Amino acid sequence: MATLGNPQNTIAILQKYNFNFQKKFGQNFLIDTHVLDKIIRAAGITGEDFVLEIGPGIGTMTQYLCENARQVLAVEIDRMLIPILADTLSAYDNVEILNEDILKVDIHRIALEKNGGRPIKVVANLPYYITTPIIMGLFESHVPIDSITVMVQREVADRMQVGPGTKDYGALSLAVQYYARPEIVANVPPNCFMPRPKVGSAVIRLVRHEKPPVEAADEKLMFRLIRASFNQRRKTLANGLSNAGELGISKEMIAGAIEALGLPSSVRGEALTLEQFAGLSNIICGMLHESGGN
Ligand code: SAM
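Residues numbered from 1 in each chain as written. Predicted model: local features only at pLDDT ≥ 70, side-chain atom pairs only at ≥ 80, totals over all residues. Heavy atoms only, no water.

A few words on the site of the ligand. Lining the immediate surroundings of the ligand are 23 residues, of which Leu-30, Gly-55, Glu-76, Asp-101 and Asn-125 lie closest. Separating an oxygen atom of the ligand from a side-chain N or O atom of Gln-27 is a distance of 2.9 Å. A distance of 3.5 Å separates a nitrogen atom of the ligand from a polar atom in the backbone of Pro-56. Among the cavities detected, the one that contains the ligand is the largest pocket. (Near = heavy atom within 4 Å. Polar contact = N/O pair within 3.5 Å; in protein donor to acceptor, adjacent residues only side chain to side chain. 1 Å grid on protein atoms, 1.4 Å probe; cavity = no way out; pocket = protein on both sides within 12 Å on 5 of 7 lines; lining within 4 Å. Sits in = over half its atoms within 2 Å of the grid points.)

So this is what it looks like as structure tokens:
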């Protein structure tokens, strides 16, 4: 039976172990059972699933995951939480705790070893200071993933979901939408956490595409172009890309590619759809091949 997820029991555990919150680890523990139920439902966890939880804290959501999944692996960086987790999860034999930094864990190998290479589900109330590297790391390393259901800062959830023409649109929107279908499933106010964060939060579900929605001959080149365009948001796309020395693509080639895509030379990067970025990278890729470049 899941016993945490309310203020009284959470406070009792924190006092029992004399636990001090570590700001540097982004520790805001969930204390609302409705939100926990919603996350589990949105993630669609079944008795077949292998679930990776990032940052279990005192094990609040972990208990819910253990009740619903076949196997749970929870990766927690704070060693002060390890004895607490041993206590709060003692009733479950389908959970393993790893005291590691998630950014240093080889999740690909874990999925292979522990789930026979079949797609895993990722569920987490993420530490907000590393939301983007965690999500991009999961996608870019091509870990077999079915879905990622995570609590993030409300503003970051918006960024993942929006399209061109909005202020939140950027490299994160394009990367997430290339790999997955994002859907915000709940808005969560600060009073659902202990301690309360300063910002609103949201639960977002990212269901991995079987095949990306656009074809990019060179994925890496496409993402280099995307990053370079949004690094210089206020510039035109042509200037932004020409100024990005690390791309090593000539001004003429960039201008030619934008024209070949049928876009005006004054267009800004933030106006391009994912499809147009894929098209641009395919044109540039072809030009580089013709010119004998990389
Ligand atoms: N899942 C718990 C809950 O919902 O109550 C805690 C969520 S709290 C927002 C984030 C958790 O991630 C904390 O327990 C924190 O110690 C852990 N954490 C922070 N950075 C981490 C990292 N690099 N690797 C693994 N865990 C991390």
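Running from N to C, helix α2 (residues 33-43) and helix α3 (residues 60-68) cross one another at 45°; their axes reach a closest spacing of 10 Å. Considered as vectors, α2 and α3 are oriented oblique to each other. Note on packing geometry: the crossing formed by α2 with α3 is right-handed. Touching Thr-33, Leu-36, Asp-37, Ile-39 and Ile-40 of α2 are Thr-60, Met-61, Tyr-64, Leu-65 and Asn-68, all from α3. (Axes fitted to C-alpha atoms, helices over the stretch in contact; angles between N-to-C directions. Helix = DSSP H or I, 4+ residues; strand = E, 2+ residues; numbered from the N terminus. Parallel < 35°, antiparallel > 145°, perpendicular 65-115°, else oblique. Left-handed = near helix turned anticlockwise from the far one by under 90°. Contact = heavy atoms within 4.5 Å.)

Glancing now at unusual backbone geometry. A cis amide bond links Met-194 with the next residue in sequence, Pro-195, at an omega value of -15°. With respect to the helices, strands and loops of the structure, Pro-195 is situated in the loop between β8 (193-194) and β9 (201-208). The phi dihedral of Asn-18 falls on the positive side, at around 55°, and the residue is not glycine. Structurally, the position occupied by Asn-18 is in the loop between α1 (7-16) and β1 (29-30).

Looking at the element boundaries, Ala-175 is found in helix α8 (residues 171-179). The buried category is assigned to Ala-175, whose relative accessible area is 4%. C-alpha separation for the pair Ala-175 and Met-136, spaced 39 residues apart in sequence, amounts to 7.7 Å. Leaving out residues up to four positions away in the same chain, Ala-175 has contacts with Met-136 and Phe-223. (Buried < 20%, exposed > 50% of the residue type's maximum accessible area, 1.4 Å probe, protein only.)

Among the secondary structure elements, Cys-66 is positioned in helix α3. Cys-66 sits 28 residues away from Asn-94 along the chain, and the two C-alpha atoms are 6.5 Å apart. Ignoring any residue separated from it by four or fewer positions in sequence, one finds Cys-66 in contact with Val-72, Tyr-92, Asn-94 and Val-95.

Here the protein chain is described as being made up of domain 1 (7-208) and domain 2 (219-293). Put simply, the middle of domain 1 and the middle of domain 2, counted by C-alpha atoms, are 35 Å apart. Both sides together, the interface formed by domain 1 and domain 2 hides about 1,000 Å², and carbon and sulfur atoms give 65% of it. On the domain 1 side of the contact with domain 2, Tyr-169, Leu-174 and Tyr-178 bury the most area, a combined 51% of that side's loss. Where domain 1 packs against domain 2, one counts 0 salt bridges. At the boundary of domain 1 and domain 2, one finds 2 residue pairs in polar contact (both at pLDDT 80 or more). The greatest single-element share of the side of domain 1 that touches domain 2, amounting to 6 residues, is contributed by α8. Considering only residue class, the side of domain 1 that touches domain 2 consists of 7 nonpolar, 5 polar and 2 charged. (Domains from an automatic or database assignment. Buried area = accessible area lost by both parts, 1.4 Å probe. Salt bridge = Lys/Arg side-chain N within 4 Å of Asp/Glu carboxyl O. Nonpolar A, V, L, I, M, F, W, Y, C, P; charged D, E, K, R; others polar.)

To continue, consider the packing of helix α9 (residues 219-231) against helix α12 (residues 274-290). Relative to each other, α9 and α12 sit at 115°, their axes nearing to 9 Å. Note on packing geometry: the crossing formed by α9 with α12 is right-handed. On the side of α9, the interface is formed by Leu-221, Met-222, Leu-225, Ile-226, Ser-229 and Phe-230, while α12 contributes Leu-274, Phe-277, Ala-278, Leu-280, Ser-281, Ile-284, Cys-285 and Leu-288. Here the contact of α9 with α12 is composed, by residue class, of 12 nonpolar, 2 polar and no charged.

A full pass over the atoms with the stated rule returns 9 salt bridges. Across the pair Asp-87 and Lys-16 runs a salt bridge whose closest N-O atoms are separated by 2.8 Å. Remark: Lys-16 occurs in helix α1 and Asp-87 occurs in helix α4 (residues 82-88); sequence separation between them is 71 residues. Residue Asp-87 is classed as partly exposed on the basis of its relative accessible area, which comes to 24%. For Lys-167, the salt bridge identified is with Asp-168, shortest N-O distance 3.3 Å. Each of Arg-181, Glu-183 and Arg-205 takes part in salt bridges that share partners, so that together they form one network.

Further remarks concern the layout of surface pockets. Over the atoms rolls a probe the size of a water molecule, and in doing so it shows where empty space is left. Looking at the largest pocket, its volume works out to about 720 Å³. Lining the largest pocket we find 38 residues, and of these Phe-25, Gly-26, Gln-27, Asn-28 and Pro-127 sit closest to its centre. When residues of the lining of the largest pocket are traced back to their parent elements, those giving at least two are β1, β2 (50-54) and α3. (Points joined across faces, edges and corners; volume = space filled by probe spheres on them.)

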